[in-house]
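One letter stands for each residue in the lines below.
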Amino acid sequence: MENIIKGKAFVLGNNIDTDQIIPAEHLVYSLTDPEEKKKYGHYALSAVPLPQSGLPGGNIPFVKGDNCESEFQIIIGGSNFGCGSSREHAPFALQVAGAKVIIAESYARIFYRNSVDGGFVVPYESFGKMNDKIKTGDNLEINLKENTLSNLSDGKTYELKPLGDVLPIVEAGGIFEYARKNSMIA
Amino acid sequence: MGMTITEKILANASGRDRVSPGENIWLNVDVLMTHDVCGPPTIQIWKNEFGKEAKVWDKNKLVIFPDHYIFTADKYANRNVEILRQFAADYDLPNYYDVGTPRYKGVCHIALAEEGYNLPGKVLFGTDSHTCTSGAFGMFSTGVGNTDAAFILGTGKIWEKVPESMKFTFNGKLPEYLTAKDLILQILGDITTDGATYRAMEFDGEAVFDLEMYERMTLTNMAIECGGMNGIIEADAKTEAFVKERTNAPYEIYRSDEDAKYQSKYVYDVTKLEPVVAKPHSPDNRGTVRSVEGTKLTKCYIGSCTGGKITDFRFAAKLLLGKEVKVPTFIVPGSTAVAKQMEEETINGISLKEIFKNAGCEIGESSCAACLGGPSDTFGRSVDKDVVISTTNRNFPGRMGSKKSEVYLASPLTVASSALTGVITDPRDVL
Ligand code: SF4
């Protein structure tokens, strides 16, 4: 795992559910076929109502036009990020679109577990609200060693909650890698 | 310090005397359930990770129900079912319930109960967020993603953080105009969609234990809408009777200690509650039916794992008997057993199914159907600016199909009352 992750911010509101992250009608594509799986990137966050997509102004699609990758690598959410269905396609779709880290006030349990155990994106919790401090398009830098978020666009730095118990799984890159490292599985 | 029922079950499943909230523990899993949406990617991950020698840890503990995208021409959706079919054949799996055969069951959470997989004291994981439904049987059950499921598939184990418990007590006798759906929507409005995140929701009180098993499942089903890890109701004589009718498998009944510690406790007097809805676009956007009555509807929907059980259709049929609906009304029995019972059970000598037909409802085949939108040819799917009242569990934007549609969640009584008038209607005006 790299220690520093840089990227542009994409800012969202509270209660971003998995139907908004990847609508149910798209859950049918292969997750392994290299061409087909790109569709997950294309449709990532496609059901977020446009006025709430890319705050504070809104009306910014996460993935533009026919692209399968987003220009934004760091997602800033509010509370209860990833609520709703258990679909692992959700953090997967964000990863396929190029997202590396999510920073939210809180997460729904299954989405959080899926992000960690599948090694898709790093789900950081912030102290308090961040989606009113960061604007979509801001250049951010995240330090995974120091647990900090720096907004290069305005020079401010914020602390993030340490990953705690799940850090070894995040560091290993997922639950299988973790279990192998610890000789739980061959 | 005593333990809650959830803590006791988790302690037992992790081979410990006791566990405390916040601890990460490894559990031995009794049942793993998957379906056509998450099964294929789970199998793929399991194959990739365990390689050629991949073994299902225990075939008898794996249960697979195709149920989500079943009756559709969508080629990708059909490919998913084909993958499950092949997997079941390759590994000679005893608990695969294939569509198009007499074994087909319908929605997984209802089928788990009906096929005898829900057993008090056991630990059930499923690749579906509403796996918490099974907690109605005094067991620990929760949803996981594909990677976690693939890990269980190969090892029979998974880590979990022991949840804090919240207790919801419903005292009094439930009035005839209320159902379990009103109770859980009441809670959702009070604690919101993240009010129980990473916690266990324990339901208790006279009004809860008066409920039939299917109605209890409506409470535990929507624990996930509150963000809950699991919902749970202690097993009683009704639970045991339901289980024993279906299986001889052993089980163990756990109860919360008097001095168990709860993160919070909520107490309700059901005689003081009113019929409620969840307004668009969130299950916690509660309002009384009175506050939205008169809202014009374009569709009514009775179905899903939370609102498509025989009890739901009994409530609805009582109101629709001898009358006609004013807006397109879709009836989707949650399971084939429910569909069969709808043909057998009668009111005044008329089967529930006939009552719905005579009332002008459209009856679909058992499956998830429009509960989650699905491919464009899905039965009952919302289109364009539909305004729907539904017994399902989620009304997020686009959940039932169209992003522009508005969905109200309500009890089967409220939905049936509204179907008769074409506008949102309080069941007390019809009963
Ligand atoms: S009926 Fe709806 S909520 Fe239940 S399992 Fe199917 S899609 Fe999920």
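### A closer look at the pattern of salt bridges
Residues and elements named next belong to chain B.
Item 1. Counted according to the given criterion, the structure contains 45 salt bridges over all chains.
Item 2. Residue Asp-269 pairs with Lys-272 through a salt bridge whose shortest N-O separation is 3.2 Å.
Item 3. Arg-428 serves as the salt-bridge partner of Asp-426, at 2.8 Å between the closest nitrogen and oxygen.
Item 4. You can call Arg-428 partly exposed: its relative accessible area is 29%.
Item 5. One network of salt bridges, with partners in common, ties together Glu-274, Arg-290, Glu-293, Asp-426, Arg-428 and Asp-429.

### Considerations on the packing of aromatic side chains
Item 1. Counted by the stated rule, this structure contains 28 aromatic pairs over all chains.
Item 2. Centre to centre, the rings of Phe125(B) and Phe140(B) are 6.0 Å apart; their planes meet at 55 degrees, and the pair counts as tilted. Remark: Phe140(B) occurs in strand S5 (residues 140–143) and Phe125(B) occurs in strand S4 (residues 123–126); sequence separation between them is 15 residues. With respect to class, Phe125(B) is no different from Phe140(B); both count as buried.
Item 3. Seen from their ring centres, Phe330(B) and Phe379(B) are 5.2 Å apart, and the 85 degrees between their planes marks the pair as edge-to-face. Of this pair, Phe330(B) sits in strand S14 (residues 329–332) while Phe379(B) is found in the loop between strand S17 (362–363) and strand S18 (387–390), placing the two residues 49 residues apart along the sequence.
Item 4. Residue class for Phe379(B) comes out partly exposed when judged on its relative accessible area of 26%.
Item 5. Through a chain of ring-to-ring contacts, three or more aromatic side chains come together here, namely Tyr29(A), Tyr40(A), Tyr43(A), Phe92(A), Phe120(A) and Tyr76(B).
Item 6. In this arrangement the basic side chain of Arg103(B) is found over the ring face of Tyr97(B), its NZ or CZ atom lying 4.5 Å from the centre.
Item 7. The ring of Tyr177(B) carries Arg428(B) above its face, with NZ or CZ at 5.2 Å from the centroid.

### A closer look at the packing of helix H2 (residues 34–43) of chain A against helix H3 (residues 89–96) of chain A
For any two helices packed against each other, the geometry is given by the interaxial angle and the distance between the axes.
Residue and element names in this part refer to chain A.
Item 1. Axis separation between H2 and H3 bottoms out at 7 Å; the angle between their running directions is 95 degrees. What the angle tells us is that H2 and H3 run roughly perpendicular. In this structure, H2 uses Lys-37, Lys-38, Tyr-40 and Gly-41 to contact H3, whose residues at the interface are His-89, Phe-92, Ala-93 and Val-96.
Item 2. Taken together, the residues of the contact of H2 with H3 break down into four nonpolar, two polar and two charged.

### With respect to the domain arrangement of chain B
All names here are of chain B.
Item 1. When cut into domains, chain B gives domain 1 (5–267) and domain 2 (276–429).
Item 2. For domain 1 and domain 2, the distance between their C-alpha centroids amounts to 24 Å.
Item 3. With 39 residues of domain 1 in contact, the opposing surface of domain 2 contributes 42 residues.
Item 4. A combined buried area of about 3,300 Å² lies between domain 1 and domain 2, and 59% of that area is made up of carbon and sulfur atoms.
Item 5. Connecting domain 1 to domain 2 are three salt bridges.
Item 6. A salt bridge links Arg-394 to Glu-225; the nearest nitrogen and oxygen atoms lie 2.7 Å apart.

### Regarding the packing of helix H12 (residues 310–320) of chain B against helix H15 (residues 412–421) of chain B
All names here are of chain B.
Item 1. Between H12 and H15, the least distance of the axes is 8 Å, while the angle of their chain directions is 30 degrees. Of the possible angle classes, the one that applies to H12 and H15 is roughly parallel. Handedness of the crossing formed by H12 with H15: right-handed. On the side of H12, the interface is formed by Asp-312, Phe-315, Ala-316, Leu-319 and Leu-320, while H15 contributes Pro-412, Leu-413, Ala-416, Ser-417 and Leu-420.

### Focus: unusual backbone geometry
Item 1. Cis geometry is found at the peptide bond from Leu55(A) to Pro56(A), where omega equals 5 degrees.
Item 2. The topology assignment puts Pro56(A) in the loop between H2 and strand S2 (74–76).
Item 3. With an omega of -5 degrees, the peptide bond running from Pro280(B) to His281(B) counts as cis.
Item 4. Within the element layout of this structure, His281(B) appears in the loop between strand S11 (276–278) and strand S12 (286–288).
Item 5. In this structure, Asp384(B) is a non-glycine residue whose phi angle is positive, near 45 degrees.
Item 6. Topologically, Asp384(B) is positioned in the loop between S17 and S18.

### Some remarks on the interface of chain A and chain B
Item 1. Contact with chain A, which involves 48 residues of that partner, is made by 49 residues of chain B.
Item 2. Together, the buried faces of chain A and chain B total about 3,600 Å²; carbon and sulfur atoms form 56% of this surface.
Item 3. A per-residue breakdown of the area chain A buries against chain B is headed by Arg109(A), Arg113(A) and Phe176(A), which together make up 20% of the total.
Item 4. One can count eight salt bridges joining chain A with chain B.
Item 5. Between Arg79(B) and Glu36(A) there is a salt bridge, and its shortest N-O distance comes to 2.6 Å.
Item 6. The interface formed by chain A and chain B holds 23 residue pairs in polar contact (both at pLDDT 80 or more) in total.

### Some remarks on the sheet that holds strand S8 (residues 199–204) of chain B
Residues and elements named next belong to chain B.
Item 1. The strand order across the open sheet built from four strands is S9-S8-S7-S10, with neighbouring strands paired in parallel fashion. A strand with exactly one partner marks an edge of an open sheet, and here the two such strands are strand S9 (230–232) and strand S10 (264–269). Within the sheet, the average angular offset between the axes of one strand and its neighbour, ignoring direction, is 20 degrees.
Item 2. In terms of strand pairing, strand S7 (residues 164–171) meets S10 through six bridges, oriented parallel. Pairing of Thr-169 across the sheet is with Val-267, part of S10.
Item 3. Each of S7, S8 and S9 is contacted by helix H1 (residues 5–13), which is oriented at about 110 degrees to S9, the strand it contacts most.

About the thresholds
Residues numbered from 1 in each chain as written. Chains lettered and ligands numbered in written order. Predicted model: local features only at pLDDT ≥ 70, side-chain atom pairs only at ≥ 80, totals over all residues. Heavy atoms only, no water. Salt bridge = Lys/Arg side-chain N within 4 Å of Asp/Glu carboxyl O. Buried < 20%, exposed > 50% of the residue type's maximum accessible area, 1.4 Å probe, protein only. Phe/Tyr/Trp six-rings, centres within 6.5 Å; stacked < 30°, edge-to-face > 60°. Helix = DSSP H or I, 4+ residues; strand = E, 2+ residues; numbered from the N terminus. Lys NZ or Arg CZ within 6 Å of the ring centre and 35° of its normal. Axes fitted to C-alpha atoms, helices over the stretch in contact; angles between N-to-C directions. Parallel < 35°, antiparallel > 145°, perpendicular 65-115°, else oblique. Contact = heavy atoms within 4.5 Å. Nonpolar A, V, L, I, M, F, W, Y, C, P; charged D, E, K, R; others polar. Domains from an automatic or database assignment. Buried area = accessible area lost by both parts, 1.4 Å probe. Left-handed = near helix turned anticlockwise from the far one by under 90°. Polar contact = N/O pair within 3.5 Å; in protein donor to acceptor, adjacent residues only side chain to side chain. Pairing = 2+ DSSP bridges.

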